[in-house]
Amino acid sequence: MINSLIIEDEFPNLRRLEKLLMESSYSINILAKLQTVKESILWLTKNESPSLIFMDVRLTDGLSFEIFKNVNVEAPVIFTTAYDEFALQAFKVNTIDYLLKPIDKAALEQSLNKFTRQTNNPDHKTLLQLLSQINLRRPVHRSRYLVNYRSTLISIAADEIAYFGSEFKSSFLVTHAGQKYFIDQTMEEIEHEVNPGLFFRVTRQYIICSKAIAKIHTYFNGRLRLELSPVVDEEIIVSRDKSNAFKDWLNK
């Protein structure tokens, strides 16, 4: 019996996955069906680890990778998602496989076979072989953002963006030319999508491009104060905990 947990926020996809699991050659017991990062963290904190987790990447309240930052996930994971750009991140955690929606019955069966083989004979080479098969030698980063502006759609290239910010629970980007556009992504999603070689999350509210840094001032208690271009109305203070990582990022 495979005691499984499903983390999926879209009802049609949940029903399809349930149906395919019931039709599989394995005996599957679904312990719970969760929809958000928050309730997943709570469930995993309060319950014994399942045998296997089926996990969507994009959930109602953010990316499921946040779960791993808040709780020790012992169970192996099969990611189910419509977005292939998160595959490399997925394999940094307990991943058995990465299935693109709509999930294919045969592909799911293969994933369950991999889970069974790894459970019976754990071998880290399995993941390395899988990475090679799906050609993930280089990470895929977001290259453009489609924004609304005066009833028109504009495509903004990542290298045109000076920084991303958030205000009043909304996210926006500002170009090097000083143009500001609101976007649908959360700051957590943006942080995972952008090239970490070009962008750094300096605070909860700002993710900046290195080219947008006009000046860096030392601040008390080991913190740093940044001046950005285009100018930001508020002070950008890099915390003491982040300052070393920030300086390392600039020094690469």
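For clarity, every value in this text was computed on a predicted model and none was experimentally measured. (Residues numbered from 1 in each chain as written. Predicted model: local features only at pLDDT ≥ 70, side-chain atom pairs only at ≥ 80, totals over all residues. Heavy atoms only, no water.)

**Student:** Provide a residue-level description of the sheet that holds strand E15 (residues 213-218), including the pertinent values.
**Tutor:** Here three strands make up an open sheet; going across it, the order is E15-E16-E17 and the pairing antiparallel. Of all strands in the sheet, those bounded by a partner on one side alone are E15 and strand E17 (236-238). Sheet twist, expressed as the mean angle between neighbouring strand axes with direction ignored, is 30 degrees. Sheet analysis places strand E16 (residues 224-228) next to E17, joined by three bridges and oriented antiparallel. Residue pairing across strands places arginine 225 opposite isoleucine 237, the latter belonging to E17. Taken strand by strand, helix H8 (residues 240-250) contacts E15, E16 and E17, and its axis lies near 135 degrees from that of E15. (Pairing = 2+ DSSP bridges. Helix = DSSP H or I, 4+ residues; strand = E, 2+ residues; numbered from the N terminus. Axes fitted to C-alpha atoms, helices over the stretch in contact; angles between N-to-C directions. Contact = heavy atoms within 4.5 Å.)

**Student:** Mind laying out the sheet that holds strand E11 (residues 170-175), listing which residues take part and the relevant values?
**Tutor:** Within a sheet, neighbouring strands are paired by backbone hydrogen bonds and run either parallel or antiparallel to one another. The strand order across the open sheet built from five strands is E12-E11-E10-E14-E13, with neighbouring strands paired in antiparallel fashion. Of all the strands in the sheet, just strand E12 (180-183) and strand E13 (199-201) have a single pairing partner and so form its edges. Strand-to-strand twist in this sheet, taken as the mean axis angle between neighbours without regard to direction, amounts to 20 degrees. In the sheet, E13 pairs with strand E14 (residues 206-209) via three bridges, with the strands oriented antiparallel.

**Student:** Describe the environment of phenylalanine 68, and please don't skip the residues or the numbers.
**Tutor:** Mapped onto the secondary structure, phenylalanine 68 falls in helix H3 (residues 65-70). In this structure the C-alpha to C-alpha distance between phenylalanine 68 and valine 37, which are 31 residues apart in sequence, comes to 9.8 Å.

Read these as geometric descriptors, not functional statements.
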